[in-house]
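These are the residues of each chain, in order.
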Amino acid sequence: MKKELIVMRHAKAARINWDGDDFSRPLTSRGLIDAENQAMALKRLGKAPDLILLSAAARTVETAQIVQKTLGTTIPLEIEENLYLASSNHYMHFVQRVSPDVQRLMLIGHNPGLEYFCNALARDKQNIFLGTSTFVCFEWMGDSWEDLTFNSAEVKLVLDKKG
């Protein structure tokens, strides 16, 4: 059975030297626009996910909510504290825990771990750069997410905010 994974880096957030901590950094006005534009691209492609798995950081939550609203669906959000600044292995661990009933999963997180995850996941050697709001669509054949391994998924599309 074909499974699809859409990996997206959060949209542009306030600078690190803003008045709050890194975890609480909100999206900038540019980030809000970019997130909506990328969500519209997903809509045009017919790529609404069954579930969005994301870090609990403010910027990933805001990005996910924009995707959810723009796609006009009631996509469930699964917010995981331990995905904040996670390593590629941590991302894999959380993806592998997703229910096999989910056919198209979206993962929203942070660099550098998310970019490492994408490059490790790709079956063919890739040099995927995940700028803010960039998403990568992967496909792989499997019955369960727990069977997903590094070097096993085909990159179908990489779309940055510039189109």
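Each remark here, short or long, concerns the structure printed above.
Residues numbered from 1 in each chain as written. Predicted model: local features only at pLDDT ≥ 70, side-chain atom pairs only at ≥ 80, totals over all residues. Heavy atoms only, no water.

(A) Molecular detail of helix α2 (residues 58–71). Between its terminal C-alpha atoms α2 stretches 20 Å, which fits the 20 Å expected from 14 residues at 1.5 Å a residue. Of all the residues in α2, the buried ones are Arg59, Thr60, Val61, Thr63, Ala64, Ile66, Val67, Thr70 and Leu71. Of the surrounding secondary structure, the elements contacted by the buried residues of α2 are β1 (2–9), α1 (29–45), β2 (51–55), β3 (77–80) and β4 (104–109). (Helix = DSSP H or I, 4+ residues; strand = E, 2+ residues; numbered from the N terminus. Expected span 1.5 Å × (residues − 1). Buried < 20%, exposed > 50% of the residue type's maximum accessible area, 1.4 Å probe, protein only. Contact = heavy atoms within 4.5 Å.)

(B) Molecular detail of the side chain of Ser88. Inspection of the secondary structure assignment puts Ser88 in helix α3 (residues 88–96). On the basis of relative accessible area, Ser88 is assigned to the buried category, the value being 16%. Here Ser88 is in contact with Gly113, Tyr116, Phe117 and Phe150, once residues within four sequence places are set aside.

(C) Looking closely at the pairing of β2. In terms of burial, β2 is a largely internal element, five of the five residues being buried. Burial along β2 is two-sided: the face carrying Leu51, Leu53 and Ser55 and the face carrying Ile52 and Leu54 are both buried. Of the strand pairs in this sheet, β2 and β4 are connected by four bridges, and their pairing is parallel. Within β4, the residue paired with Leu54 across the bridge is Ile108. Note that β2 and β3 share four bridges and pair parallel. Bridge assignment links Leu54 to a residue of β3, and that residue is Ile79. Handedness of the β-α-β unit built from β2, α2 and β3 comes out right-handed. (Pairing = 2+ DSSP bridges. Right-handed = clockwise from strand over helix to strand, strands pointing away.)

(D) Fine view of the packing of aromatic side chains. Taken as a whole and judged by the stated rule, the model has four aromatic pairs. A ring pair is formed by Phe23 and Tyr84, whose centres lie 4.9 Å apart and whose planes are at 80°; its orientation type is edge-to-face. A residue pair is termed long-range when its members are at least 10 positions apart, and Phe23 in the loop between β1 and α1 and Tyr84 in the loop between β3 and α3 qualify at 61 residues. Note on Phe23: relative accessible area 26%, which makes it partly exposed. Measuring from centroid to centroid gives 6.1 Å for Phe117 and Phe150, while their planes differ by 70°, and the two rings are edge-to-face. Placement of the pair is Phe117 in helix α4 (residues 113–121) and Phe150 in the loop between β5 (135–141) and β6 (154–159), with a sequence separation of 33 residues. Using a relative accessible area of 0% as the deciding quantity, one classes Phe117 as buried. (Phe/Tyr/Trp six-rings, centres within 6.5 Å; stacked < 30°, edge-to-face > 60°.)

(E) Quick peek at the pattern of salt bridges. By the definition in use, this model includes 10 salt bridges. Lys161 is the partner of Asp34 in a salt bridge, and the nearest nitrogen-oxygen pair spans 4.0 Å. Placement of Asp34 in helix α1 and of Lys161 in the segment after β6 is noted, with a sequence separation of 127 residues between them. The partly exposed category is assigned to Lys161, whose relative accessible area is 35%. We note a salt bridge from Glu154 to Arg123, for which the minimum N-O separation is 3.3 Å. Taken together, the positions of Glu154 in strand β6 and Arg123 in the loop between α4 and β5 put the pair 31 residues apart, joining distant regions of the chain. A relative accessible area of 31% means that Glu154 is categorised as partly exposed. (Salt bridge = Lys/Arg side-chain N within 4 Å of Asp/Glu carboxyl O.)

(F) Fine view of unusual backbone geometry. Of note, the bond from Asn111 into Pro112 is cis; its omega dihedral lies within 30 degrees of zero at 5°. You can see Pro112 is positioned in the loop between β4 and α4. Backbone geometry places Ser133, a non-glycine residue, at a positive phi of 70°. Within the element layout of this structure, Ser133 appears in the loop between α4 and β5. Owing to a relative accessible area of 0%, Ser133 belongs among the buried residues under this scheme.

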